[in-house]
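Each chain, letter by letter, is given below.
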Amino acid sequence: MLTKNEIAICLVLLGTPILTSNVAFGVEPCPGCDFIDTPVNPPNELTPIEIIQIQQLEQQQQQQQETAAEPKSTTNAAALNSASLLQQVLYRNTKTNIAKSTTGRNLLMIRQQVANTFFKKRKTSKGAFLNTQPSGIAAGEEVSPITTWANYNFVKSEDQSVNDDIKMHTFLVGADNKIKENIALGMTASYQGIQEDFVKSDSTTDVLSLSPYAAYQLNENLVLDTVVGYAWLNESPSSAESFDTSRFIFATHLTAMSTTADKLTMSGYIGYMFTKDNIDAHVTDKKISEKQNDVSFAQVSLGVESAYQFTDVTEGYLTLSIEDDLVYEGSDTYDATGFTTGIGGRMLLNDVLNADLNVSNVFARQDYKESTVMLNLRYEF
């Protein structure tokens, strides 16, 4: 059976006025009492109206708390999602810079060696050069059909957009053979050790690559070369598990030379390179899960060199090139265009061996700096 309070609550909910007389509860009024009087409630017992008011107040407070918490929760989730996306973009920014530096240096070395193969002449029996040409002053009166060479370079770069410092050591060996007077085939193999230092972590990467190439001399002043390659990368972050990357490489260059004076030589080139990295699924050092994904990079470059022969066995040169990244994956602050300047010298050590030492710097790229020291030895049979 319902109590008085329960009956009153039901009446209120149904919109029925509540009579405060005892008659409303089936109790006869006392003689002489007014029909409508004040109900008698036990001490400390709430009236039905008060109970309903309290319940409504509690519901309003709960709704206010949920409403106040919902925007905050949404804002936090959006902020976390935005931060995660930003880290992923900056991560790809770093991968693009590494692909550019590692592959670009190797391709530059191959282009120079192709020019050596077709344009250079060996020094005479008196120890002097004949018709010094661009990209190295070795070769001979009759160009040797087989040439081997070894290269070491050290690259230091800084990407301020991701607070990343990179140091890279490259060891490159190669050989080519002139199968015809105007055709040469060659092969290079390289190892690169990369050290990345971030603010709160670091990472090391080992890179092994093979790059066969072919070159065709169009005329006495022009040579066209094409390079294809494959590289295997293993990256080991300090705060995450290591993972692998496969890189596919394609590049082509057109190199020209012109001797404007007895001791002054001008040369230039236009080149195109494309790389595609297939990166395994992994967790970055920022604790962000990356699915298996591809990162592509493409660049066109244009460069010139001016070389001057100081003595019979020494030559100095200056280089300038412009690079424009056509395809890249990075942040909004990534600068796709930059310049590289270099200064170097070449020396014939003996009839078949010459050395080339070069220092270069990348500039005019926003938030990015790069410096390189390169030593090359070339031996001709």
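*Asks:* Describe the pattern of salt bridges, and please don't skip the residues or the numbers.
*Replies:* For the structure on display, the rule yields ten salt bridges. The closest approach of N and O atoms between K178 and E181, which form a salt bridge, is 3.8 Å. For R365, the salt bridge is made with E323, and the minimal N-O distance between the two is 3.4 Å. Highlighted residues: R365 in the loop between strand 13 (353–363) and strand 14 (368–380) and E323 in strand 11 (residues 314–327), separated in sequence by 42 residues. Both residues of the pair, R365 and E323, belong to the buried class. One salt-bridge network, held together by shared partners, links E305, E315, R346 and D356.

*Asks:* Residues and numbers for the side chain of S101, please.
*Replies:* Relative to the helices and strands, S101 resides in helix 2 (residues 48–119). When neighbours within four sequence positions are excluded, S101 is seen to be in contact with M168, Y368 and E370.

*Asks:* Residues and numbers for the pairing of strand 7 (residues 264–279), please.
*Replies:* For strand 6 (residues 243–259) and strand 7, the ladder comprises 15 bridges, and the chain directions are antiparallel. Bridge pairing in strand 7 places M257 opposite S267. With 16 bridges connecting them, strand 7 and strand 10 (residues 293–309) associate as antiparallel partners. Bridging from a neighbouring strand, I270 pairs with L302 of strand 10.

*Asks:* Can you break down unusual backbone geometry residue by residue, with the values?
*Replies:* Despite not being glycine, A364 has its phi angle at roughly 70°, a positive value. In this fold, A364 is placed in the loop between strand 13 and strand 14. For A364, a relative accessible area of 46% gives the class partly exposed. Positioned with a positive phi, D367 is a non-glycine residue whose angle comes to about 65°. Relative to the assigned elements, D367 resides in the loop between strand 13 and strand 14. With a relative accessible area of 25%, D367 lands in the partly exposed category.

*Asks:* Give a detailed account of the confidence of the model for the protein, specifying residues and quantitative values.
*Replies:* Averaged over all residues, the pLDDT of the protein is 78; the fraction at 70 or higher stands at 71%. When pLDDT is averaged over each element of the protein, strand 5 (residues 222–237) comes out on top at 95 and helix 1 (residues 4–13) at the bottom at 53. Every residue in residues 33–38 scores below 50 in pLDDT, and together they form eight contacts with partners more than four places removed in sequence or on other chains. For residues 121–141, every residue scores under 50 in pLDDT, and the model assigns this stretch 83 contacts once sequence neighbours within four places are set aside.

*Asks:* Explain the nonpolar core to me, and be specific about the residues and the numbers.
*Replies:* V114 and F118 are the most contacted members of the largest nonpolar core, which has 30 residues in total. The set of elements that each furnish at least two residues to this core consists of helix 2, strand 1 (146–159), strand 2 (164–180), strand 3 (183–197), strand 4 (202–219), strand 5 and strand 6. Considering each element in turn, this core owes the most residues, eight residues, to helix 2. If we skip the residues at most four places from it in the chain, V114 touches Y213, A215, V223 and D225.

Rules used in this analysis
Residues numbered from 1 in each chain as written. Predicted model: local features only at pLDDT ≥ 70, side-chain atom pairs only at ≥ 80, totals over all residues. Heavy atoms only, no water. Salt bridge = Lys/Arg side-chain N within 4 Å of Asp/Glu carboxyl O. Helix = DSSP H or I, 4+ residues; strand = E, 2+ residues; numbered from the N terminus. Buried < 20%, exposed > 50% of the residue type's maximum accessible area, 1.4 Å probe, protein only. Contact = heavy atoms within 4.5 Å. Pairing = 2+ DSSP bridges. pLDDT = per-residue confidence, 0-100. Core = buried A, V, L, I, M, F, W, Y, C linked by side-chain atoms within 4.5 Å.

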